[in-house]
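Examination of the molecular architecture
Residues per chain are reported as follows:
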Amino acid sequence: MRKRQVQILSLLIAFISVATLLSPLAASAQAPPFACNPSSPSTKSFAFCKASLPISKRAQDLVSRLTLDEKISQLVSSAPAIPRLGVPAYEWWSESLHGVSNVGRGIRFNGTIQSATSFPQVILTAASFDADLWYRIGQVIGTEARAVYNSGQATGMTFWAPNINIFRDPRWGRGQETPGEDPLVTGKYAVSYVRGVQGDDFRGGGKPRGKLQASACCKHFTAYDLDNWKGVNRFVFDARPRYGRYITSDCDAVSIMHDNQGYAKTPEDAVADVLKAGMDVNCGTYLQKHTKSAVQQKKVPVSEIDRALRNLFSVRMRLGLFNGDPKKQPFGNIGPDEVCSQKHQDLALDAARSGIVLLKNKQKRLPLRRSKSMSLAVIGPNANNAWKLLGNYAGPPCKSVTLLQALQSYVKDTSYQPGCDDVACSSPSIAQAVEVAKAADHVMLIMGLDQTQEREDFDRVDLVLPGRQQELITTVARAAKKPVILVLLCGGPVDIKFARDDQNIGSILWAGYPGEAGGMALSQIIFGEHNPGGRLPVTWYPQEFTRVQMTDMRMRPEPSTGYPGRTYRFYEGQSVYEYGYGLSYTKYSYKFLSVTKELFYLNQSPKSQPDEGSDASPRYRPVSHLGAEFCKKSKSVVTVEVKNHGDVVGKHPVLLFVRHAKPSSGSPMKQLAAFQSVELKGGQTVEVQLALNPCDHLSRAHENGVMIIEEGWRFLEVGDQEYPITVMA
């Protein structure tokens, strides 16, 4: 039965709510809908309205008062009101991937609040490797979400973000939504973002007990890394993932089990299967239509419905929506003036600057020095459209400034030629672009992708630039007076070996989808007002990688068949740019100062099971056998000296990797163990302390799924510096 439940939920592209896993906060309002109005005589008699009681008892009381029809009505994302109990309608589906959005049904920008701060798409924000920045972005999103609710423009406070899938295939249209391909970064991003949104402290545990500012919901299940590729779509592709706790289906996912896949023989079977497997709410109307008949046919007990409703109402109660007048609640004073505030817009600018990655800077082509007499040619289909800066799942931004407009604010004599009608670039205006380029002192090409090339329900089939973009770039570069500057807008990686190796292209910047402040952020970097420090959060693969079937989700390589593996941890092929790559206007050096523990003895653990292994593979111990006390006592602190050798200040991510001296079959070649973003003035030296836990950072997944630690040598790596450590079984 358990196996069948796992299979059922593997058919749902689902969202795992972290309201029960991470830290939350309380609620408030001014004109929004709420339950338990103190002016209503019946309120006093309802136990679910007594804020002094535990939420579990309040939720149980509310569920016990519902009729079967009322219960069923609440199992869907657009839950109707229950007038006799004073419970208002509620919309579960709202979005806030990189800013409060109106993509879902719970948010409306049709009143006092017309927009919200639009941060960079997540893949670019991740390139900062700055967990504190991620947390502050979450704080802003949670605050602005509450402000929208308080202004009466929201019917829900549950937001289906962040996207915590591993970006394992570079063609995936939704890879832009993720923090990249590394699980450590993805986990830290999720925790930081969720704590910020929900109102917790950065380190957790700082919220009022049982309260939520807004509710975050992590999505999606493991192995979701395909949307629509060569006729294979996510609705019928089965990657067999495992699942977590509070679960909502993706929209129409339950109906797909019967209507599209034929997994369930009847609609009632589909309803019964998902409820028994642990799903709580259905995005869509399928459960509303078919749950009653499933109960009547005795395919699902009412107790499963009650379980789901207790979870759902508990979240709404933790949001403070059953505590009476929201104006009198902890967040009741958050108003429209906090949406799109200057502070929030400044953070959007900082986030964009921190993520942009300098990929090439031949002979220090950048930064440019401003002068009154200089002229600039801006060429490319992505230069003069502010919406292209946002990425998918974006709401209306506080302001709209194109890259061209931002550059024009720096250089008065700026000419513009799109070069292509759109990024598909099927009929480029090469001759016109060349003429513009020849007349300018400096040429900037703003190329790449947009949402017509990568998005939800649309994966790429190639990794090269679309259409004739490459031809346009190389032709203009040959004609320009000086090596050109190439700016790429894209979420997924692009094979630009031609540009990397072209002597006529002096600098390359990857700007992701940098959000509402992207134009100004890029301009500040180009003209030296900000030193770029972003580092790639995903491997940039060559076009040859497209030979790999996107439906093959294996991470590890298989040399006998030519399968190269996926992500920097396992990929054995050539890269255009490696994970963590990024240049700066200055130079940094590293030095290991100390490692508090260099030798780890696995045989000192409390359990005495013999070491496992064979002559052909190293001995190992399952982490579960080592015990929590061993993991705690074996923690090490790595102290690294970082020096800025230039004369400009720089924000710099320090990445600590662990590399196996002799990787066994199935082991990652190396993996990220810790990271920290630091800011250094010119000539400054700082010491950075990074935590190393062998149970987390020296372990790997065995083929049976168990986490193990193998004996042998490892090297700690920061930049070009190495430090040996040893594990003995």
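Basis of the calculations
- Counting starts from 1 at the beginning of each chain's written sequence and moves along it residue by residue.
- Whole-chain, interface and lining totals are the exception, using all residues; otherwise, since this is a predicted model, local features are given only for residues with pLDDT of at least 70 and side-chain atom pairs are given and counted only at 80 or more.
- As a convention, hydrogens and water are excluded, and side-chain values are obtained from all of the structure's heavy atoms.
- Working definition: helices are DSSP H or I runs of at least four residues, strands are E runs of at least two. Numbering for both runs from the N terminus.
- Note on contacts: a residue pair qualifies if any of its non-hydrogen atoms lie within 4.5 Å across the two residues.
- Each accessible area is a Shrake-Rupley result for a 1.4 Å probe, and residues are judged covered by the shown protein chains and nothing else.
- Salt bridges, as used here, are contacts in which a Lys or Arg side-chain nitrogen is within 4 Å of a carboxyl oxygen on Asp or Glu.
- Only protein chains enter the accessibility calculation, which uses a 1.4 Å probe; a residue whose area is less than 20% of its type maximum is buried, one above 50% is exposed, and one in between is partly exposed.
- In this analysis an axis means a line fitted to C-alpha atoms, helices contributing only their contacting stretch, and an angle means the value between N-to-C directions, from 0 to 180 degrees.
- It is the rotation of the near helix from the far one that decides the hand of a crossing: anticlockwise by less than a right angle makes it left-handed, clockwise makes it right-handed.
- Polarity classes work like this: nonpolar for Ala, Val, Leu, Ile, Met, Phe, Trp, Tyr, Cys and Pro, charged for Asp, Glu, Lys and Arg, and polar for all others, with Gly in that last group.
- For this classification, under 35 degrees means roughly parallel, over 145 means roughly antiparallel, 65 to 115 means roughly perpendicular, and everything else is oblique.
- Here, the term nonpolar core denotes a set of buried Ala, Val, Leu, Ile, Met, Phe, Trp, Tyr and Cys residues that are joined through side-chain atoms within 4.5 Å.
- A pair of strands is considered paired only if DSSP assigns at least 2 bridges between the two.
- Here the expected length of a helix is defined as 1.5 Å per residue gap, with one fewer gap than residues.
- Identification of polar contacts relies on pairs of N or O atoms within 3.5 Å, with a donor-acceptor requirement for protein atoms, meaning one able to donate a hydrogen and the other able to accept it, and with residues adjacent in sequence counted only if both atoms are side-chain atoms.
- As a per-residue measure, pLDDT reflects the predictor's confidence and takes values from 0 up to 100.

Quick word on the overall build of the protein chain
When you go through the protein chain residue by residue, the secondary structure sums to 20 helices and 27 strands. Taking contacts inside the protein chain between residues at least 6 apart in sequence as the whole, the part at least 24 apart equals 77%. For the protein chain, the computed accessible surface area is about 27,800 Å², with 48% contributed by carbon and sulfur atoms.

Observations concerning the pattern of salt bridges
For the structure on display, the rule yields 28 salt bridges. In this structure, the salt-bridge partner of D325 is K327, at a minimum N-O distance of 3.4 Å. Among the residues examined, D325 registers a relative accessible area of 17% and is labelled buried. Look at K327 and you get partly exposed, because its relative accessible area is 45%. The residue E471 makes a salt bridge to R468 at a minimum N-O spacing of 2.8 Å.

A look at the packing of helix α5 (residues 131–150) against helix α6 (residues 183–198)
Running from amino to carboxyl end, α5 crosses α6 at an angle of 35°, the nearest separation of the two axes being 6 Å. Considering only the axes of α5 and α6, their crossing is right-handed. Listed contacts from α6 to A131, W134, Y135, G138, Q139, I141 and G142 of α5 are V185, K188, Y189, S192, Y193, R195, G196 and V197. Of the residues contributing to the contact of α5 with α6, the split by class is eight nonpolar, five polar and two charged.

Re the packing of helix α2 (residues 55–64) against helix α10 (residues 302–318)
It is at 9 Å that the axes of α2 and α10 come closest, and there the two elements cross at 125°. In this view, α2 runs oblique relative to α10, as classed from their interaxial angle. Of the two possible hands of crossing, α2 and α10 adopt the one that is right-handed. Each of I55, R58, A59, Q60, L62 and V63 in α2 lies in contact with α10, whose residues at this interface are D306, L309, R310, F313, S314, M317 and R318. Here the residues of the contact of α2 with α10 sort into seven nonpolar, two polar and four charged.

Brief notes about unusual backbone geometry
In most cases, non-glycine residues show a negative phi, while peptide bonds are predominantly trans. Following A161, the chain continues into P162 via a peptide bond in cis, with omega recorded as 10°. Cis geometry is adopted by the peptide bond preceding H220, which originates at K219 and carries an omega value of 0°. Along the chain, H220 turns up in the loop between β5 (215–219) and β6 (228–229). Positive phi, normally seen in glycine, also occurs at F129, with a value near 50°. Take F129: it is sitting in the loop between α4 (122–126) and α5. Backbone geometry places C425, a non-glycine residue, at a positive phi of 50°. Mapped onto the elements of the fold, C425 is located in the loop between β12 (413–417) and α13 (430–438). Its relative accessible area of 1% is what places C425 among the buried residues.

Topic: the nonpolar core
Of all hydrophobic cores here, the largest spans 169 residues; its most connected members are F322, I496, W510, W540 and L672. Top contributing element to this core by residue count: α5, with ten residues. Setting aside residues no more than four positions away along its own chain, I496 makes contact with L359, L465, L488, I508, W540, V576 and Y577. Formed by 33 residues, the second largest nonpolar core is a distinct cluster that contains L602, L656, L680 and L698.

Examining the sheet that holds strand β20 (residues 636–644)
Across the sheet, which stays open at both edges, the three strands sit in the order β16-β20-β23 with antiparallel pairing between neighbours. Two strands lie at the open edges of the sheet, namely β16 (588–595) and β23 (685–692), each paired on one side alone. Across this sheet, the average inter-strand angle for adjacent strands is 25°, counted without regard to direction. Relative to β23, β20 is paired through eight bridges, and the arrangement is antiparallel. Bridge pairing in β23 links K643 to T685.

Remarks on α6
The end-to-end C-alpha distance of α6 is 22 Å, a good match for the 22 Å that 16 residues give at a rise of 1.5 Å each. Counting buried positions along α6 gives twelve out of 16 residues, so the element sits mostly inside the fold. The complete set of buried residues in α6 reads L184, V185, T186, Y189, A190, S192, Y193, V194, R195, G196, V197 and Q198. On the buried face of α6, the contacting elements are α4, α5, β5 and β22 (670–680). Where α6 begins, the capping side chain belongs to D182, and its oxygen is found 2.9 Å from the backbone nitrogen of L184. Immediately downstream of α6, the backbone of G199 shows phi near 100°, a positive value.

Some remarks on the confidence of the model for the protein chain
Per-residue confidence for the protein chain gives a mean pLDDT of 90, with 90% of residues at or over 70. The spread of mean pLDDT over the elements of the protein chain runs between strand β1 (residues 15–17), the lowest at 41, and strand β10 (residues 357–361), the highest at 99. Per-residue pLDDT stays below 50 along residues 1–30; that stretch engages in 143 contacts with residues further than four places along the chain or on separate chains. A low-confidence stretch, residues 233–246 stays under pLDDT 50, and its non-local contacts, those more than four residues away or across chains, total 46 contacts.

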